[in-house]
Amino acid sequence: MIKSRQLSRLGALLACVSAFAADPVRYLSDKKLFVLDTANATYVFGLNERNQLQHAYWGKKLWRDADLASVHSAAEWASFDGSASTTPGEYPGWGSNMYTEPCLKVTLADGNRDLVLTYVSHEIHGDTLVVVTKDIQYNLVVTLHYHVYPGVIEKHSVIENKTTQPVTVESAQAGVWYVPPGDGYRLSYLNGRWAGETQLVQEEIHPGVKVLESRRGTTSHQTNPWFAIDAPQGGGTYADQEHGRVWFGALGWSGSWKFSVEQTPHQQVRVTGGYNTFDFGYPLQPGEQLETPAFYGGFSDHGFGEASRMLHHFAREFILPGGVSAKPRPVLYNSWEATEFKVDEPGQKVLAEKAAKIGVERFVMDDGWFGARNDDHAGLGDWYVNPRKFPNGLQPLIQYVNGLGMDFGIWVEPEMVNPNSDLYRKHPDWAMNFPGRPRTEARHQLILNMARDDVKEYTFAWLDKLVSENNITFLKWDMNRNFSEPGWPEAGPANEKKIWVQYTRNVYEIIDRLRVKHPKLEIESCSGGGGRIDLGILKRVDEVWTSDNTEALDRLRIQEGFSYAYPAQAMMAWVTDVPNFNGRSTPLQFRFLVAMMGSLGIGNNLNKWTGEDFALATRMIAHYKSIRRTVQQGKLYRLFSPHEGELTANQYVSEDGKQSVLFAFLHSQQYGRPAPTIHLRGLDENGVYRITALDPNKLAEKLTTASGAFLQNHGLDVLLVGDYDSESILIERAE
Ligand code: DGJ
């Protein structure tokens, strides 16, 4: 017989089970709360007594809805900080006495600029939530969209003018993320410049607003739309790779964007993100709407390592074309650093033959094949094959490359025009401009105004023709400058500023249409290196060019920063000739192993290689092919950062845990000190692993097998010496 105590225990257990099995998105009608659960986090907001949406909680997963209380607006703080500023609005419109960053700011036709959004209705469908809000007076409707993924929540909004007059939107943000109120938080972000992208910056968040942004019309090399905020642990230390609470977010937009990272006088710590408000003004006619980009956010209770792995998995499963079952990226050869603009049929064939011999799977011809393109002064816009360099068109080269067993890719820069081109002479008005004003050239080129429909259609047509008439399976889509004089005279003064949104949307549309029409086509996003890397472009390209800086030591840092936000699968990394940037020469193996931590490419002038170079490259590429799925689609553990000492070490573990690979680099040995012991991660302590080093002499322990417990707790001593020594160790589950 079941006693009443047993019954209540059973009840508690069932409650617990049902709480864990609860719908990922739910509305607690008694408390007017929306609860969104990812695999490891809970996000809560609700309706306060004013019928306004108010943030309640974001952090580690909660399992008991009964613990949650309704939300109430916060009290004012004297007459200076009214409730509009002290209350954490879920999607605050600018109005009343609000002094924090709003999600939406508008001007109505009658001059009214006050906006107060209140709840109208909502719908839940599985893992999506749609909440409709509206201004208290005007028929301006703002719909908030949420989507719950296993480790990430997506939010974006749609602003719709249902009034009978035009409305101008002056700020349209995707949303705002709050971490629990407090101070002492730390912000991490990715900063840089051309040839020095994605440098990790970490600094304490102080009262006030820190703006991370691009005003350049594209994502930018300077700041990447990703952030993380971690909380001080006991003793004042912050999160590390394995421990601590980290909240993170990334924006899916490849135009001008902005994050306002704010600590208010009332200890709210919030990140508002969306379209950059600089020079923004988006008129909505009656019935028109504006959709914001998606802002993705997640939480890790196990430091930055887990935060990155969550983002990597999310990007591979839900953002990148192909999903988790995508084939690993092929090994690529690119001619740029070998030949620059001096491409021609015989020269490319010689390189292709050599590339095929070392195991390359995709041959990409870079800049220089079209128009009068002999240097960067002319030709952009004239997308016909240069008859002097390719007298019989591209077919002979493509057939030759295909005959060698490789597929063929080609470089394009569709958004640009050189003033010295037939296209510009025919359509000078297609270049972005303010009439009568100077046009600023950069790399001797102007930007085609892709916001115009005629330019968009023209661009789609020539790309479609190029891909239809040739067996081209890969485009390297480049963009070598940022906006200047962003005029769009044909749109008329009232609509010109729409260029900031429409340009990017049309670029997206061209790519999307190309991919639908040519399902086998793959695309790399390049913008003079890493100027266009974000979750918006990654939805429609297979990889990105990480940086024009291919110098291996610099690359360790660039790639490390990249890895905080984006997966190795998308990170194109080439081995190139030395001396390179900084005049530095690193050994070929060092360069290979650095590039093998991403999607491997070769950019060397193969005509200059020795027999030894070819032999090493053949061995490295074969090794890469045996581990690339683990690198590109596995779990990354950053063991030693290039920012911290002489040793850099990264480990990748396959999703099924059966294969792992360690990469270790010693930049410069000092005082004869041995490299520190490397403790592996992500292994089964009870398992036994086979250990295979590229050079077995580099393993101090001379092990051929070891337990997971040994590898993680005792660790491996890798005998790296001198400058730029490197090693890769394969760890495979044996028992
Ligand atoms: C910039 C890219 O980042 C390089 O890899 C190369 O494609 C050049 N453009 C070609 O002009």
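Residues numbered from 1 in each chain as written. Predicted model: local features only at pLDDT ≥ 70, side-chain atom pairs only at ≥ 80, totals over all residues. Heavy atoms only, no water.

(A) Structural view of the pairing of strand S9 (residues 153-161). Taking burial as the measure, the nine residues of S9 include nine buried ones, the bulk of the element. Residues of S9 alternate between two faces, with Ile153, Lys155, Ser157, Ile159 and Asn161 on one and Glu154, His156, Val158 and Glu160 on the opposite face, all of them buried. Here S9 runs beside strand S20 (residues 294-300); their pairing, made up of three bridges, is antiparallel. Bridge pairing links Lys155 to Phe295 in S20. Summarising the sheet, S9 and strand S19 (residues 289-291) pair through three bridges and their orientation is antiparallel. Looking across to S19, one finds that Ile159 is bridged to Leu290. (Buried < 20%, exposed > 50% of the residue type's maximum accessible area, 1.4 Å probe, protein only. Helix = DSSP H or I, 4+ residues; strand = E, 2+ residues; numbered from the N terminus. Pairing = 2+ DSSP bridges.)

(B) Spotlight on the nonpolar core. If you look at the biggest cluster of nonpolar residues, it comprises 183 residues, and the most contacted ones within it are Trp369 and Phe592. Formed by 20 residues, the second largest nonpolar core is a distinct cluster that contains Leu666, Ile678, Ala693 and Leu716. (Core = buried A, V, L, I, M, F, W, Y, C linked by side-chain atoms within 4.5 Å.)

(C) Focus on the sheet that holds strand S2 (residues 33-37). Spatially, four strands are ordered S1-S2-S3-S4 in an open sheet, and the strand pairing comes out antiparallel. Looking at which strands have only one partner, the edges of the open sheet turn out to be strand S1 (25-28) and strand S4 (53-60). Within this sheet the neighbouring strands show an average axis-to-axis angle of 15 degrees, counted without direction. In this structure, S1 lies alongside S2, joined through four bridges in antiparallel fashion. Note on S2: the bridge partner recorded for Val25 is Leu36. (Axes fitted to C-alpha atoms, helices over the stretch in contact; angles between N-to-C directions.)

(D) Fine view of the layout of surface pockets. Taken as a whole, the largest pocket holds about 550 Å³ of empty space. Every residue lining the largest pocket is counted, 23 residues in all, and those nearest its centre are Asp240, Gln241, Arg638, Leu639 and Glu644. Taken together, the elements giving at least two residues each to the lining of the largest pocket come down to strand S12 (199-204), helix H3 (303-319), helix H10 (552-565) and strand S31 (635-640). By residue number, the principal contributor to the lining of the largest pocket is S31, which donates four residues. Residues belonging to the lining of the largest pocket are distributed by class as follows: eight nonpolar, seven polar and eight charged. In this structure, the second largest pocket encloses a volume near 430 Å³. For the second largest pocket, the lining is made up of 25 residues, of which Trp194, Trp336, Arg443, Gly528 and Asp548 are closest to its centre. Partitioned by chemical class, the residues of the lining of the second largest pocket number nine nonpolar, seven polar and nine charged. (1 Å grid on protein atoms, 1.4 Å probe; cavity = no way out; pocket = protein on both sides within 12 Å on 5 of 7 lines; lining within 4 Å. Points joined across faces, edges and corners; volume = space filled by probe spheres on them. Nonpolar A, V, L, I, M, F, W, Y, C, P; charged D, E, K, R; others polar.)

In short, the description is geometric, and any link to function would need to be established separately.
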